[in-house]
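So the chains spell out like this:
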Amino acid sequence: MGRELGARRSHRAALCLVLTALAFVTGCSIPVATALDDADSNRVMVALEKSGVAAQKEQDPTSEGHWRVTVARDDAPAAVAVLTREGLPPPNTPGVLDALGKGSIVPSRTAEHAKLIVGTAGDLERSLLAVDGVLSARVHLAVPEKTAFFDEGKQPTPTASVLIRHSGATPPIAVQQVQRLVAGAVPGLDADHVSVVETQSAAASRPPERELSRFGPITVTRSSMLPLRLIVGGAVLMNVLLLGLLVFVWGRGRRTSLALAEAQTEGSQRDAT
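Residues numbered from 1 in each chain as written. Predicted model: local features only at pLDDT ≥ 70, side-chain atom pairs only at ≥ 80, totals over all residues. Heavy atoms only, no water.

So, about the sheet that holds strand β1 (residues 29–36). The strands making up a sheet associate through hydrogen bonds between their backbones, and the pairing can be parallel or antiparallel. As summarised here, the arrangement of the 3 strands in space is β1-β3-β2, forming an open sheet in which the pairing is antiparallel. In this open sheet, the two edge strands, each paired with only one partner strand, are β1 and β2 (55–59). Between one strand axis and the next, the sheet turns through 25° on average, direction left out of account. Bridging between β1 and strand β3 (residues 67–72) involves 5 bridges; their strand directions are antiparallel. Each residue of the ladder has a partner; that of serine 29, found in β3, is alanine 72. Most of the contacts of helix α3 (residues 76–86) go to β1, to which it runs at about 30°, and overall it touches β1 and β3. (Pairing = 2+ DSSP bridges. Helix = DSSP H or I, 4+ residues; strand = E, 2+ residues; numbered from the N terminus. Axes fitted to C-alpha atoms, helices over the stretch in contact; angles between N-to-C directions. Contact = heavy atoms within 4.5 Å.)

Put into structure tokens, the structure is as follows:
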């Protein structure tokens, strides 16, 4: 029984050692993007993997119902550079419902008008970000409030300006389409009064030494694949050896117990005769 207990303790100690080694390989990570919804976290993952940075998506413990993306500590500078270049995660611009929901106790007509403009611009930015290839979008609306001080025909003309940053050499959405989209969301705004500027994001070449590989559910750089396989293989071999040792000790103890029981039975029979 003592040997069996010792074998069990050795098995547990070895298992703890293996788990510690695996945690050292895969757990030395820091978050580079937090409090993300599912769509934004997927965008961050795709951008990092395209740039050769291994990343993991997991539940954010500090924000219920949201996700965070973590990378190895050594990959943090490269990950931050990629996210900055790609404009990720996108800014959380308020929509119309968000803007109007934050009203004062006694809302004025001017304040409500300003909130409506801010919310409309936020909704337009979200619509532009939904276009595949658009990395960031900013919409500025200049919509003067109609007042009684101006005649109906002399009211100030609404204008708008849009800044879009996209990937690839060709813009994913034409200027005329952006003008129609913005003009259709603002009453009285003519499409010709919408200025659109589209800029291309600087393309980054993928570093060959940071190519990614998958080992089961784990994504690591190719240079880390061999150490990870060695650790996992060593852990499996150690567990097999310890399991065999445990079975051997258990079988030996079982045979010893049977032999002692038989000896006691024979001794009792001799004493009886």
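The next point concerns the confidence of the model for the protein. On average, residues of the protein carry a pLDDT of 78, and 70% of them reach 70 or more. Per-residue pLDDT stays below 50 along residues 17–27; that stretch engages in 12 contacts with residues further than four places along the chain or on separate chains. (pLDDT = per-residue confidence, 0-100.)

Attention now moves to the pairing of strand β5 (residues 159–166). Going residue by residue along β5, you find Ala160, Val162, Ile164 and His166 tucked away on one face and Thr159, Ser161, Leu163 and Arg165 left uncovered on the opposite face. Summarising the sheet, strand β4 (residues 134–142) and β5 pair through 8 bridges and their orientation is antiparallel. If you follow arginine 138 over to β5, its bridge partner there is leucine 163. Taking the sense of rotation as the criterion, the β-α-β connection linking β5, helix α6 (residues 175–185) and strand β6 (residues 194–200) turns out right-handed. (Buried < 20%, exposed > 50% of the residue type's maximum accessible area, 1.4 Å probe, protein only. Right-handed = clockwise from strand over helix to strand, strands pointing away.)

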